[in-house]
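Chain residues, written in single-letter form:
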Amino acid sequence: MEHFLALVTKPDNVPILAILFLIPYFMWLSYRQARQTDITGVPSDAALNDKVYVWPYLCRNEFICAIIVMLVLGVWSIMIDAPLEEPSDPTKTPNPSKAPWYFLALQEMLVYFDPWIAGVVLPGLIIAGLIAIPYIDINPKGKGYYTIKERPFALAVFSFGFIVLWIVLMIVGTFLRGPGWNFFAPWEYWDPHLVVPLTNVNLSYLFGIRSETTANFFGFVVVAGYFSVGPIFYLWKRNSSRFLQELGLVRYVVVSFLFLTMMALPIKMILRIFFNVKYIWVSPWFNI
Amino acid sequence: MNEERKGLKEKITNSDIWRSIFRHGYEDTGRRYTLQILQNVWLHLHPPRVSRHALNFRFTWCMGGITFLMFLVTAVTGVLLMFYYRPTAEYAFRDVQYLEFDIPFGMLLRNMHRWAAHGMVISVMLHMFRVFLTGSYKKPREFNWAVGVILLLVTFFLSFTGYLLPWDQLAFWAVTVGTNMARATPVLGHEGPFAPQDITQSNDVRFALLAGTIVGPSTLLRFYILHCVAVPLLASVLMALHFWRVRKDGGISGPL
């Protein structure tokens, strides 16, 4: 526990402590406003056209905000010194070796996926997916105000991705991952000699498949089947859903691919944690 | 009483001494407020008027502005730090120690730079979260959202390249771990899937990033130049574009 307190109060982990407070606060703040909009209705055009002079009203706010932020930064800088460890030594690898805190969600993904997926493909898709958001979200409502009722799907997906898959994984990576990147609860001692049995097996093995070729084919079927959930849903609902017709095939394919890729992470996490599954698809060229 | 005070005020402002110092009074008119914005090089980024809800902290969380402020703080403190820092393996660590122990306010300077950088990473993530929650990326602001995503990456990269510069164990291994994944880039990394045979660890994408097969002196120089010159320039250009588009796309988002 002492050791956990030392970890939490490490200077470089202060931003994570700040995030622990800031994220719930802003979620609460936005939720309250969204609920109010959903009850009382969308603000009218009149409210939008109610204009004020930037000087002095906006400039005053900016000035006050800047002073408060500089005060906080000043106190933070006086109270807490930036860390400086011993000189770098390529022959002395610390255990655990951690990336900067804002990349720890990515490092955490390495537990569940091979580096080429966790370190390259998924980050690339995160960026591409973020950029794609305005082009695939064709819902014209909910622009310029907080609401939940008018865009529940968009909010649920983004909040899940941002809060759970980015912020929470970052916090887990910082505070709960010890030597060997093993999971340690806050009260557990970070034992560098901890022996963790590697009992993970591939999904095909769980299904009793022993031949490599069959396992390769089995993995392909599972992964292809997972990603074809999207197209099948489209073919099934295309005629009855106005929403799908408005969205169009191309946008739908992008949305379903990005969504299924995102959900692959929690699915793989559950498979790993509860069923000890290592890979879903083992092929001669890559493993997923 | 009030009348008397008003009389006194006029007496003072009409006196020869007062008028010799202040050429004219401050008109309380919309024209005056508009000119204040238009004629000021630092403020002309703003429109003369904004909708009232743009002033609302609960709506904007001030996060975009705070991100920009943090960028300015890191730019100013960063320039000052550059006076005391040499990006070579022999000197880098010692220069940071020298800065901390011998330069007046050196420690404070370094703290401000580091904490402002961390603050910028937090505020830029919260800014993105706010923009999403208010649906502000929707038409006509699609492209500005894309610019914002690139700026988020640039912020991460700025912070990441700066992380190496103290050249201590923390810096060295964080950057080693952070760049290790580039080995596994499909096709372009020597350990990635589908890598051609001529891609080795001394010509793959990780080599381009590190200027070597491990983090070494040339990596330090490379990251230093990226951190102090190349990426800040890119960030400035993108920020100019980002702010310009905020105005061209109709100012801060609101219900339309």
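Caption draft 1: Quick peek at the overall build of chain B. When you go through chain B residue by residue, the secondary structure sums to 11 helices and 1 strand. Element order for chain B, N to C, with α for helix and β for strand: α-α-α-β-α-α-α-α-α-α-α-α. Seen through its principal axes, chain B has C-alpha atoms that stretch 90 × 55 × 25 Å. Looking at chain B as a whole, 49% of its 256 residues qualify as buried. For chain B, the proportion of contacts with a sequence separation of at least 24, taken over those separated by at least 6, is 62%. Put simply, chain B shows about 13200 Å² of open surface, and 64% of that area lies on carbon and sulfur atoms.

Caption draft 2: Focus on the packing of helix H8 (residues 142-164) of chain B against helix H9 (residues 169-180) of chain B. Residues and elements named next belong to chain B. Contact geometry for H8 and H9: axes closest at 7 Å, N-to-C directions at 135°. Taken together, the axis directions place H8 and H9 in an arrangement best described as oblique. Of the residues in H9, those touching H8 at Phe160, Tyr163 and Leu164 are Leu170, Ala171, Phe172, Ala174, Val175, Gly178 and Thr179. Tallied by class, the residues present in the contact of H8 with H9 amount to 8 nonpolar, 2 polar and no charged.

Caption draft 3: Here's a closer look at the pattern of salt bridges. Under the definition given, this model contains 10 salt bridges over all chains. Note that Glu246 of chain A is salt-bridged to Arg242 of chain A, the shortest N-O span being 2.9 Å. Of this pair, Glu246 of chain A and Arg242 of chain A both sit in helix H11 (residues 242-247), 4 residues apart, which is roughly one turn of the helix. On the basis of relative accessibility, which here comes to 61%, the residue Arg242 of chain A falls in the exposed class. One salt bridge in this structure joins Glu191 of chain B and Arg183 of chain B, with 3.7 Å as the shortest N-O distance.

Caption draft 4: Geometry of a nonpolar patch on the surface. Residue and element names in this part refer to chain A. The grouping of Phe63, Ile64, Ile67, Ile68, Leu71, Val72, Val75, Ile78 and Met79 at the surface amounts to a nonpolar patch, some 940 Å² of accessible area in total. Following the sequence through the fold, Ile68 ends up in helix H4 (residues 54-79). A residue is classified by how much of its surface remains accessible, and Ile68, at 49% relative accessible area, is partly exposed.

Caption draft 5: View of the packing of H4 of chain A against helix H5 (residues 63-82) of chain B. Where H4 of chain A meets H5 of chain B, the axes come as close as 11 Å, and the angle between the chain directions of the two elements is 55°. For the element pair H4 of chain A / H5 of chain B, the angle class is oblique. Here H4 of chain A and H5 of chain B pass one another in a crossing that is right-handed. Of H5 of chain B, the residues touching H4 of chain A (which contributes Cys65, Ala66, Val69, Met70 and Leu73 of chain A) are Ile66, Leu69, Met70 and Val73 of chain B. Of the residues belonging to the contact of H4 of chain A with H5 of chain B, the class tally is 9 nonpolar, no polar and no charged.

Caption draft 6: Region of the structure containing unusual backbone geometry. Note the cis peptide between Trp55 of chain A and Pro56 of chain A, where omega equals 10°. Between Lys139 of chain B and the following residue, Pro140 of chain B, the backbone shows a cis peptide bond with an omega angle of 5°. Mapped onto the elements, Pro140 of chain B comes out in the loop between helix H7 (106-133) and H8. Of note in this structure, Cys62 of chain B is not a glycine but carries a positive phi near 60°. Counting through the fold element by element, Cys62 of chain B comes out in the loop between helix H4 (57-60) and H5.

Caption draft 7: Spotlight on the interface of chain B and chain A. With 86 residues of chain B at the contact, the number on the chain A side is 93 residues. Roughly 8400 Å² of surface becomes buried between chain B and chain A when both sides are summed, with 74% attributable to carbon and sulfur atoms. Here chain B and chain A share 3 salt bridges between them. The residue Asp12 of chain A makes a salt bridge to Arg114 of chain B at a minimum N-O spacing of 2.8 Å. Along the contact surface separating chain B from chain A lie 37 residue pairs in polar contact (both at pLDDT 80 or more). The element best represented in the side of chain B that touches chain A is H7 of chain B, accounting for 18 residues. Taken together, the residues that form the side of chain B that touches chain A break down as 58 nonpolar, 17 polar and 11 charged.

Caption draft 8: Examining the nonpolar core more closely. Core analysis: the biggest nonpolar cluster contains 119 residues, and Phe162 of chain A together with Met125 and Trp145 of chain B have the highest contact counts within it. If one sorts the elements of this core by residue count, H7 of chain B sits on top with 14 residues. Excluding its chain neighbours within four sequence positions, the residues that come into contact with Trp145 of chain B are Leu130, Ile131, Ile133, Pro134 and Phe158 of chain A together with Met128, Val131, Phe132 and Tyr137 of chain B. Formed by 9 residues, the second largest nonpolar core is a distinct cluster that contains Val52 and Leu58 of chain A together with Leu43 and Ala54 of chain B.

Caption draft 9: Local environment of the packing of aromatic side chains. Following the criterion strictly, the structure yields 39 aromatic pairs over all chains and no others. Between Phe158 of chain A and Phe132 of chain B the ring centres are 3.9 Å apart and the planes differ by 10°, which places this aromatic pair in the stacked class. With Phe158 of chain A in helix H7 (residues 152-175) and Phe132 of chain B in helix H7, the pair connects residues from two separate chains. Accessibility expressed as a relative area gives 9% for Phe158 of chain A, which makes it buried. Classification of Phe132 of chain B as buried rests on a relative accessible area of 3%. Among the aromatic residues, ring-to-ring pairing joins Tyr25, Phe26, Trp28, Tyr146, Phe158 and Phe162 of chain A together with Phe59, Trp61, Phe129, Phe132, Tyr137 and Trp145 of chain B into one connected group. Between Arg114 of chain B and the ring centre of Tyr163 of chain B, over which it is positioned, the NZ or CZ distance is 5.0 Å. Looking at Arg130 of chain B, its charged tip hangs above the ring of Phe59 of chain B, at a distance of 5.3 Å from the centre.

Criteria and thresholds
- Residues numbered from 1 in each chain as written.
- Chains lettered and ligands numbered in written order.
- Predicted model: local features only at pLDDT ≥ 70, side-chain atom pairs only at ≥ 80, totals over all residues.
- Heavy atoms only, no water.
- Helix = DSSP H or I, 4+ residues; strand = E, 2+ residues; numbered from the N terminus.
- Buried < 20%, exposed > 50% of the residue type's maximum accessible area, 1.4 Å probe, protein only.
- Contact = heavy atoms within 4.5 Å.
- Areas by Shrake-Rupley, 256 points an atom, 1.4 Å probe, with all protein chains shown as cover.
- Axes fitted to C-alpha atoms, helices over the stretch in contact; angles between N-to-C directions.
- Parallel < 35°, antiparallel > 145°, perpendicular 65-115°, else oblique.
- Nonpolar A, V, L, I, M, F, W, Y, C, P; charged D, E, K, R; others polar.
- Salt bridge = Lys/Arg side-chain N within 4 Å of Asp/Glu carboxyl O.
- Patch = residues over 30% accessible without salt bridge, like charges linked within 9 Å, V, L, I, M, F, W, Y side chains within 5 Å.
- Left-handed = near helix turned anticlockwise from the far one by under 90°.
- Buried area = accessible area lost by both parts, 1.4 Å probe.
- Polar contact = N/O pair within 3.5 Å; in protein donor to acceptor, adjacent residues only side chain to side chain.
- Core = buried A, V, L, I, M, F, W, Y, C linked by side-chain atoms within 4.5 Å.
- Phe/Tyr/Trp six-rings, centres within 6.5 Å; stacked < 30°, edge-to-face > 60°.
- Lys NZ or Arg CZ within 6 Å of the ring centre and 35° of its normal.

Remember, this is a structural readout, not a statement about activity or role.
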